[in-house]
Amino acid sequence: MSERISVLGSTGSIGTQSLAVIKHLGLSVSSLAAGSNIRLLEEQARDFKPSLVAVFDENAARELKTKLSDTFVRVASGLEGIVEAAGDGSDTVITAMSGAAGLIPTMAAIEKKKRIALANKETLVCAGSIVMATAGKYGAEIIPVDSEHSAIFQCLNGQGGGLSRILLTASGGPFLGKSRAELQNVRKEDALRHPNWSMGRKITIDSATLMNKGLEYIEAMHLFGAAPERIKVLIHPQSVIHSMVEFTDGSVIAQCGLPDMKLPIQYALTYPKRLRSLTEAPDFTKSALTFLEPDLNAFPCLKTAMEVAKRGGTAAAVMNAANEEAVNLFLQDRIGFNEIYEKVVFALENVKSVKDANLEEILSADRQARELVRKA
Ligand code: NDP
Ligand code: MG
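Keep in mind it's a predicted model, so treat the numbers as computed, not measured.

> Tell me about the overall build of the protein chain, and please be specific about residues and values.
Check the secondary structure of the protein chain and you find 16 helices and 11 strands. Scaling as 2.2 N^0.38, a compact globule of 376 residues should have a C-alpha radius of gyration of about 21 Å, and the protein chain matches this with 20 Å. C-alpha atoms of the protein chain, sized along the principal axes, occupy 55 × 50 × 40 Å. The contacts of the protein chain with a sequence gap of at least 6 include a subset with a gap of at least 24, amounting to 67%. In the form shown here, the protein chain has an accessible surface area of approximately 16100 Å², with 50% of it arising from carbon and sulfur atoms. Computed over 42 positive and 43 negative side-chain charges, the separation of the two mean positions in the protein chain equals 2 Å.

> Could you give an account of a nonpolar patch on the surface, with specific residues and numbers?
Together, Phe56, Leu79 and Ile104 make up a nonpolar patch on the protein surface, roughly 260 Å² of accessible area in all. Here Phe56 is to be found in the loop between strand E3 (52-55) and helix H3 (58-67).

> With reference to specific residues and values, describe the packing of aromatic side chains.
To describe a pair of aromatic rings, one takes the distance between the centres and the angle between the planes. With the rule as written, the count across this model stands at 5 aromatic pairs. Ring geometry for Phe153 against Tyr267: centres 6.5 Å apart, planes inclined by 65 degrees, an arrangement best described as edge-to-face. Of this pair, Phe153 sits in helix H7 (residues 147-156) while Tyr267 sits in helix H12 (residues 262-270), and the two are 114 residues apart along the sequence. The two residues Phe153 and Tyr267 agree in class, both being buried. In this structure an aromatic cluster arises from ring pairing among Phe153, Tyr267 and Tyr271.

> Hey, could you go over the sheet that holds strand E4 (residues 74-77) for me, with residue numbers and the actual values?
The parallel open sheet is built from 7 strands, whose spatial order is E4-E3-E2-E1-E5-E6-E7. The open sheet terminates on both sides in strands that have one partner only, identified here as E4 and strand E7 (142-144). Here the average twist between neighbouring strands, direction ignored, is 20 degrees. Sheet analysis places strand E6 (residues 115-118) next to E7, joined by 3 bridges and oriented parallel. Counted as the bridge partner of Leu118 is Pro144 from E7.

> I'd love a proper account of the pattern of salt bridges, names of residues and values included.
Scanning all chains against the criterion turns up 24 salt bridges. For Glu42, the salt bridge goes to Arg46, with nearest N and O atoms at 3.1 Å. Placement of the pair is Glu42 and Arg46 together in helix H2 (residues 38-48), with a separation of 4 residues, close to one helical turn. Glu42 gets classed as buried once you look at its relative accessible area, which sits at 18%.

> Give me the lowdown on the state of the cysteines, citing residues and values where you can.
Using the criterion set out here, one finds 0 disulfides in the structure. Here Cys155 stays unpaired: no disulfide links it, and the sulfur of Cys256, its closest cysteine neighbor, is 8.4 Å away. The class for Cys155 is buried, based on a relative accessible area of 3%.

> Describe the packing of helix H15 (residues 339-350) against helix H16 (residues 359-375), and please don't skip the residues or the numbers.
The contact between H15 and H16 brings their axes to 9 Å, and the two run at 130 degrees. Considered as vectors, H15 and H16 are oriented oblique to each other. H16 is crossed by H15, and the crossing has right-handed handedness. Here Lys343, Phe346, Ala347 and Asn350 of H15 come into contact with H16, specifically with Ala369, Leu372 and Val373. Within the contact of H15 with H16, the residues separate by chemical class into 5 nonpolar, 1 polar and 1 charged.

> Help me get a handle on the nonpolar core, residues and values and all.
Ranked by size, the top nonpolar core spans 120 residues in total, and within it Ile22, Leu269, Met319 and Phe337 carry the most contacts. Ranked by the residues each element gives to this core, the list is headed by helix H14 (residues 315-331), at 12 residues. Those residues in contact with Leu269 that lie beyond four places of it in its chain are Met1, Ser2, Ile5, Val21, Ile22, Leu25, Leu27, Thr92, Ile94 and Arg115.

> An account of the site of ligand 1 is needed here, citing residue identities and associated values.
Taken together, 25 residues are adjacent to ligand 1, and Thr11, Ile14, Ser36, Asn37 and Glu122 come closest. In this structure, an oxygen atom belonging to ligand 1 sits 2.8 Å away from a main-chain N or O atom of Asn37. One nitrogen or oxygen atom from the main chain of Met97 is found 3.3 Å from an oxygen atom belonging to ligand 1. Bound to the protein, ligand 1 loses 85% of the 900 Å² it would expose on its own.

Calculation criteria
- Residues numbered from 1 in each chain as written.
- Chains lettered and ligands numbered in written order.
- Predicted model: local features only at pLDDT ≥ 70, side-chain atom pairs only at ≥ 80, totals over all residues.
- Heavy atoms only, no water.
- Helix = DSSP H or I, 4+ residues; strand = E, 2+ residues; numbered from the N terminus.
- Rg over C-alpha atoms; globule rule 2.2 N^0.38 Å.
- Contact = heavy atoms within 4.5 Å.
- Areas by Shrake-Rupley, 256 points an atom, 1.4 Å probe, with all protein chains shown as cover.
- Lys, Arg positive; Asp, Glu negative; His and termini not counted.
- Charge placed at Lys NZ, Arg CZ, Asp CG, Glu CD.
- Patch = residues over 30% accessible without salt bridge, like charges linked within 9 Å, V, L, I, M, F, W, Y side chains within 5 Å.
- Salt bridge = Lys/Arg side-chain N within 4 Å of Asp/Glu carboxyl O.
- Phe/Tyr/Trp six-rings, centres within 6.5 Å; stacked < 30°, edge-to-face > 60°.
- Buried < 20%, exposed > 50% of the residue type's maximum accessible area, 1.4 Å probe, protein only.
- Pairing = 2+ DSSP bridges.
- Axes fitted to C-alpha atoms, helices over the stretch in contact; angles between N-to-C directions.
- Disulfide = S-S within 2.5 Å.
- Parallel < 35°, antiparallel > 145°, perpendicular 65-115°, else oblique.
- Left-handed = near helix turned anticlockwise from the far one by under 90°.
- Nonpolar A, V, L, I, M, F, W, Y, C, P; charged D, E, K, R; others polar.
- Core = buried A, V, L, I, M, F, W, Y, C linked by side-chain atoms within 4.5 Å.
- Near = heavy atom within 4 Å.
- Polar contact = N/O pair within 3.5 Å; in protein donor to acceptor, adjacent residues only side chain to side chain.

Interpretation note: all reported values are geometric properties and have no functional meaning in isolation.
Written out as structure tokens, the structure reads:
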């Protein structure tokens, strides 16, 4: 069980919920890191008294240093500062930064043999083979925070093999049942209104395009060493079953819970123990549990991600980077909803994929994809 925690991305949706769980469990915080939100970082620093706070933005870091000059909290800046926070005196690092920016700090934490409570799925999408191999080499545990992967992890606990399929569930997002033509003119306000979960803006848009499920498909492949054809996406609009595992004897084990990220966050910190949490158990008389096939014509991002999963090499890093940039453009009202997919395909067609890529080649593919999408 974890005792001293480092929270990377502490000002975000997962970050703030992580701090609530840390407080509930009475654990201590050794470091905090975020992009630029120093107003909240200052509050968090005074509340949790970490020894280090890292801010990616250099100017914001300078300002925070002045604000915290009456405390013992040290302030670091830039990627170097975030990496320092990832490798400080904690035993567990919660990776709650958004996007591929989480990759290098996560690798730094792995090399320090820490438990990784992994929320930042983009890290595994970009460089899953390298990340998992490095974690194996250093003996760093990776415990998933993403609710579906936490569910799969829990369903696999104590099983003696015989895994047949992973049933990865998806709520379907705010546009479930709509056709591609009907999605042509949807606005960001509609896309940002998720029916079941309250999350950061980027992942909320990914949930509307189903790219989030595509990223999770690749994440599951790496975390559980599963071949893509053994992962099946299932739409389950109520988000009560967080995923299931099917075994060769025909048994299926599911993990259920209310849609509240504090539950998988806590499990990643207390594993293998279970402690009282801030979340109630679901009441199964409240709603029926239903399941549907995903509509890959209306939500082609999911189809593309499933193809990319089979392709390997740098394709997933390209897809992920292009998607991050395209989601940004959509959030700035510069492209339409369906154009997110078009940008991703454009990048996949125009950035050369490298097989068995090393970290530098992955980062280079990521940069090329971003430039292409920004320029086009
Ligand atoms: P948010 O956008 O709410 O938060 C992102 C956090 O990352 C903020 O603290 C932000 O700081 C920080 N950040 C951004 N860029 C940098 C950087 N370059 N260096 C350091 N910190 C940075 O995202 P979410 O909490 O929703 O998601 C975080 C991760 O967890 C994502 O990978 C997402 O896919 C995953 N996840 C989220 C779920 C959810 O329910 N929200 C569920 C499952 C997975 P600042 O505020 O200063 O910009
Ligand atoms: Mg998820």
